[in-house]
Amino acid sequence: MRTKVILVCEECLSRNYTTTKNPQKNTERIELKKYCKTCNKYTIHKETR
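None of these values were measured; they are calculated from a predicted model.

1. Here's the deal with the overall build of the protein
Regarding its fold elements, the protein presents zero helices and four strands. Secondary structure elements in the protein, listed N-terminal to C-terminal, are β-β-β-β. Principal-axis analysis of the C-alpha atoms places the extent of the protein at approximately 35 × 15 × 15 Å. The buried share among the 49 residues of the protein stands at 24%. The long-range fraction of contacts in the protein, counting pairs at least 24 apart against all pairs at least 6 apart in sequence, stands at 33%. Only carbon and sulfur atoms are counted for the fraction: they give 49% of the accessible area of the protein, which is about 4,000 Å².

Structure (structure tokens):
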């Protein structure tokens, strides 16, 4: 079963995106490079718990 995950910007710590992941296949946290509206640039977004 896929679980919901919230992605947080590493620089400004704003919660911008939500996505899903399969915890059985991906046990580590997700890191994606996405656009942050508050920073106005592409930054790394990490999964929160």
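The rest of the description comes next.
2. Some remarks on the side chain of Asn22
On the secondary structure map, Asn22 appears in the loop between β2 (15–21) and β3 (31–36). Apart from the residues lying within four places of it in its own chain, the contact partners of Asn22 are Met1 and Arg2.

3. A closer look at the sheet that holds strand β1 (residues 3–9)
The sheet built from four strands is open, its strands ordered β2-β1-β4-β3 with antiparallel pairing. One side of each edge strand has no neighbouring strand; the edge strands of this open sheet are β2 and β3. Strand-to-strand twist of the sheet, defined as the mean angle between neighbouring strand axes without regard to direction, takes the value 40°. As paired strands, β3 and strand β4 (residues 41–47) are joined by six bridges and run antiparallel to one another. Along β4, the bridge assignment pairs Tyr35 with Tyr42.

Calculation rules
- Residues numbered from 1 in each chain as written.
- Predicted model: local features only at pLDDT ≥ 70, side-chain atom pairs only at ≥ 80, totals over all residues.
- Heavy atoms only, no water.
- Helix = DSSP H or I, 4+ residues; strand = E, 2+ residues; numbered from the N terminus.
- Buried < 20%, exposed > 50% of the residue type's maximum accessible area, 1.4 Å probe, protein only.
- Contact = heavy atoms within 4.5 Å.
- Areas by Shrake-Rupley, 256 points an atom, 1.4 Å probe, with all protein chains shown as cover.
- Pairing = 2+ DSSP bridges.
- Axes fitted to C-alpha atoms, helices over the stretch in contact; angles between N-to-C directions.

Don't take any of this as a statement about function, it's just geometry.
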